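Summary of the model geometry
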Amino acid sequence: MVTDRNIYPLPEVVDNKDRRKWSIEPTQRMGARVYPKRSLLVVPLDASPQSQMTRNHELGHIRWSPPKPEVAASRNKLDMDVLQATEDMRINTKLADIGIDTSSGSLSNNVVKAFADDLLKSNNVRQLILVMVAVTGQGENEETFKDKLSGHPIGDKAIEIAGMARKIMWYKGNPSFRDTVRTAKWLQALLNGTTPPTRVKLPWGMNGKSGGADDQLESLMKIIRNFGTGRGATRKVPWGKMKIDTPPRVHKVDGYMGKGKRASDEGVIPTRPHRLLIDGRVFSRVRRQHGGSVLVDCSGSMSLEPKDLKNILAHSPGATVACYSGNTHDGVLRVLAQDGRQVKDEFVAAPAGGANVIDKPALDWLTKQARPRVWCCDGQVTGIGDRQSALNTLECESLCRRSGIVRRDNVGLAVELLKKLSRSRK
Amino acid sequence: MWHDGPAIAAWRIGGRLVVNEIQRGGADCHALLLAITDDPEIAQIDLPSGEKVKPAAGFAVVATMNGDPKEVLDPALQDRFPVTINIDKVHPEAIAQLPPDVQQAAEKTALIDNEERRISVRAWYAFVHLRQKLMKSYSEQEAQQLAATAVFNTRAQDALDALVIGASQGG
């Protein structure tokens, strides 16, 4: 008869690799982990149901997780915390699926409540979502966490995202590590879009549209809801090749949309104290200059006519303006105006076919142009074959947020913004 | 009156003496084994009856033990056993007698170095037999739970869960 004071798990029984000698070290519940390369299992060894669940969770990692998940993370450009949370979800749900009792969860309810309170107080969207994903399948812990989060604007969305992640993971049934990577890519694309936005200097009152974490998350969730949790949600479509067309810019355009600062000897707040002994111009003065950039999507879904493009050109003096469209596998970005000069009217039209295909390469081009950056697009982006995917759409959204690109759905809204931008510049 | 024990009997007929669990023998036993396993040319024991006995040709000694001989046995006694065979696998026939669902577990847990963690093949046998008996009166799941609690004590649930996880498809 076995009579142990410490309750040791049996990693040898679940390990696929023969002849590996496991060592077990005791720890607290939060510190449990597996070191497959060292064959070391660090788990709590007491008799509580939570510790039992923790031990089973780690045995699940030994049985089902690869020994080097960091390699998969690096190969798929995934953040390690995203991959880990998703893998934890897979282990929890798989344990429940094969009949292991996961109802107790691996933490006491008080700890979970305190943890949830702390996360809600910090309003950390990323952490909230990742923890919600990681506790999915943890029985009582999951329920407690959901109770605490529900009713909170971001908490409700975190619950919905975790539910969708679970459906994506179990889409084909009995998920493997590949499904973890697939789900983690989807989650990573979503989380990338929730990163704090780069502040863009827009007319007063317009920043709020792209600023709030809650608003941003809601707009991202609209995208993922549209794509659902089927196979299409996580299948990324490669982007087409982009060719840049630069026709001669023969027309000179008057006016400025950009702004810059120059040293001045008059002002209120000295911003250049180092110039006191040089020329005394310690103040800054705003002046109008060439600047700003506008990118226009000329795909079929936008239904643009040359007069719409001319309208945009007319309201973005001195700015860099380009339009793009694509064929099945590639596309063309045409620069219509730059450095105060515009192309002939005959070039003011869609540069290629009626597909998108090169949205992301075109946005990459836009990120290298001067601020403020405006993208006139209805948000329907496509890759090769004019196919859509949640990952492609989220990738563009995230790039816009990171690079301070403001998107407007149609020409009317874009022109309205451009007018305000021109007016606000001194 | 003197009666030959297994060692002297083996000496007389040139037979093979098997010493089981040699590490459990005390100092007296090990001292006697030193004399028994001495070189055949010089080995000799004076019996209380006055008789002098020498090992007959063909005499050999085989000893078994658990653990590392270098850590447990006296170096002089170790030296008497020129050949050491390390058996790091449970006999396949012993494993084959167990039902398929516990074979792999028994094979792996019986070889764990840490005594506190090791579960012997005997314990698995006991579990299997008890489970089989209890299944006459209880459902399979109840019988399994009761048998595990009786045999594995506080580790019952861990052992059962490990069996379920180990039986699942990997990857």
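Residues numbered from 1 in each chain as written. Chains lettered and ligands numbered in written order. Predicted model: local features only at pLDDT ≥ 70, side-chain atom pairs only at ≥ 80, totals over all residues.

**Considerations on the overall build of chain B**
Summing up its helical and strand segments, chain B has nine helices and four strands in all. Compactness check: chain B gives a C-alpha radius of gyration of 23 Å against a globular reference of 16 Å for 171 residues, more than 25% above the reference. For the C-alpha atoms alone, the extent of chain B along its principal axes is close to 65 × 40 × 25 Å. Burial status across chain B gives 21% buried among its 171 residues. In chain B, the proportion of contacts linking residues at least 24 apart, taken out of those at least 6 apart, comes to 51%. (Helix = DSSP H or I, 4+ residues; strand = E, 2+ residues; numbered from the N terminus. Rg over C-alpha atoms; globule rule 2.2 N^0.38 Å. Buried ≥ 20, exposed ≤ 12 C-beta atoms within 10 Å, placed from the backbone. Contact = placed C-beta atoms within 7 Å.)

**A few points about the overall build of chain A**
Across its full length, chain A carries 15 helices and 13 strands. Its C-alpha atoms put chain A at 95 × 60 × 40 Å along the principal axes. Within chain A, the fraction of its 426 residues that count as buried is 46%. Within chain A, residue pairs in contact and separated by at least 24 positions form 74% of the contacts whose partners lie at least 6 positions apart.

**Let's talk about the sheet that holds strand 1 (residues 23-26) of chain A**
All names here are of chain A. Read across the open sheet, the three strands follow the order 1-3-2; overall the sheet is mixed. Each edge of the sheet is formed by a strand with only one pairing partner; in this case those strands are strand 1 and strand 2 (33-35). Going from strand to strand, the sheet's axes swing by 15° on average, the running direction of each strand aside. Relative to strand 3 (residues 40-43), strand 2 runs antiparallel, the two sharing three bridges. Considered in strand 3, the bridge of Arg33 is made with Val42. Contacts between helix 2 (residues 49-64) and the sheet are confined to strand 2 and strand 3, with strand 3 contributing the most and set at about 155° to the helix. (Pairing = 2+ DSSP bridges. Axes fitted to C-alpha atoms, helices over the stretch in contact; angles between N-to-C directions.)

**What to know about the packing of helix 8 (residues 153-169) of chain A against helix 9 (residues 177-192) of chain A**
Residues and elements named next belong to chain A. Closest axis-to-axis distance for the helix 8/helix 9 pair is 9 Å, and the angle between their directions is 150°. By the angle between their directions, the pair helix 8 and helix 9 is classed as roughly antiparallel. The element helix 8 and its partner helix 9 pack so that their crossing is right-handed. Note on element contacts: helix 9 touches helix 8 through Asp179, Thr183, Trp186, Leu187 and Leu190, opposite Ile161, Ala165, Ile168 and Met169. (Parallel < 35°, antiparallel > 145°, perpendicular 65-115°, else oblique. Left-handed = near helix turned anticlockwise from the far one by under 90°.)

**Notes on helix 14 (residues 390-403) of chain A**
Residues and elements named next belong to chain A. Here helix 14 is 14 residues long and its end C-alpha atoms lie 20 Å apart, about the 20 Å a rise of 1.5 Å per residue gives. Burial analysis of helix 14 places 10 of its 14 residues in the buried class, which makes it a mostly covered element. For helix 14, the set of buried residues is Ala390, Leu391, Asn392, Thr393, Leu394, Glu395, Cys396, Glu397, Cys400 and Arg401. Where helix 14 terminates, the next one or two residues include Gly404, which has phi positive at roughly 65°. (Expected span 1.5 Å × (residues − 1).)

**Overview of the domain arrangement of chain A**
Looking at chain A, the domain boundaries give domain 1 (65-171) and domain 2 (231-257 + 292-424). Placing the centre of domain 1 of chain A and that of domain 2 of chain A at their C-alpha centroids yields a distance of 38 Å. (Domains from an automatic or database assignment.)

**Considering the interface of chain B and chain A**
One frequently used descriptor of interface size is the decrease in accessible area upon assembly of the parts. Contact with chain B, which involves 28 residues of that partner, is made by 28 residues of chain A. Of the residues forming the side of chain B that touches chain A, the biggest block, nine residues, is contributed by helix 9 (residues 156-167) of chain B.

**Structural notes on the pairing of strand 12 (residues 373-376) of chain A**
Residues and elements named next belong to chain A. Across the two faces of strand 12 the burial is the same, with Arg373 and Trp375 and Val374 and Cys376 all buried. With four bridges connecting them, strand 8 (residues 293-297) and strand 12 associate as parallel partners. Within strand 12, the residue paired with Val294 across the bridge is Val374. Pairing between strand 12 and strand 13 (residues 405-408): four bridges, direction parallel. Residue pairing in the sheet places Val374 in a bridge with Val406 of strand 13. Note on the crossover from strand 12 through helix 14 to strand 13: the handedness is right-handed. (Right-handed = clockwise from strand over helix to strand, strands pointing away.)

**Concerning the nonpolar core**
Residue and element names in this part refer to chain A. With 46 residues, the main nonpolar core has Val294, Ile312, Leu336, Trp375 and Cys376 as its most contacted residues. Apart from residues lying up to four places away in sequence, Val294 is in contact with Ile312, Ser316, Ala319, Val321, Val374, Cys376 and Leu418. If you look at the next biggest cluster of nonpolar residues, it comprises 45 residues, including Ala73, Leu128, Leu130 and Ile161. (Core = buried A, V, L, I, M, F, W, Y, C linked by C-beta atoms within 7 Å.)

**Thoughts on the packing of helix 5 (residues 109-122) of chain A against helix 7 (residues 140-149) of chain A**
All names here are of chain A. Between helix 5 and helix 7, the shortest axis-to-axis distance is 9 Å and the interhelical angle comes to 35°. Every pair of crossing elements has a handedness; the one defined by helix 5 and helix 7 is right-handed. Here Asn109, Val112, Lys113, Ala116 and Asp117 of helix 5 lie close against helix 7, whose contacting residues are Glu140, Asn141, Thr144, Phe145, Lys148 and Leu149. The residue inventory of the contact of helix 5 with helix 7, partitioned by class, reads four nonpolar, three polar and four charged. (Nonpolar A, V, L, I, M, F, W, Y, C, P; charged D, E, K, R; others polar.)

**Regarding helix 8 (residues 140-152) of chain B**
Within an α-helix, residues lying three or four positions from one another point in the same direction, as the helix has 3.6 residues per turn. All names here are of chain B. Over its 13 residues, helix 8 extends 17 Å from the first C-alpha to the last, a length consistent with the 18 Å expected when each residue adds 1.5 Å. Where helix 8 is concerned, the buried positions are Gln144, Ala147, Ala148, Val151 and Phe152. Projected down its long axis, helix 8 carries its buried residues within an arc of 100°, all on one side. At its buried positions, helix 8 is contacted by helix 7 (121-134) and helix 9. Looking at the residues trailing helix 8, positive phi occurs at Asn153, about 60°. (Arc of directions from axis to C-beta.)

**Structural notes on the confidence of the model for chain B**
When the pLDDT values of chain B are averaged, the result is 92; 100% of them are 70 or greater. Both scores are available for the predicted complex, with the pTM at 0.83 and the ipTM at 0.80. (pLDDT = per-residue confidence, 0-100.)

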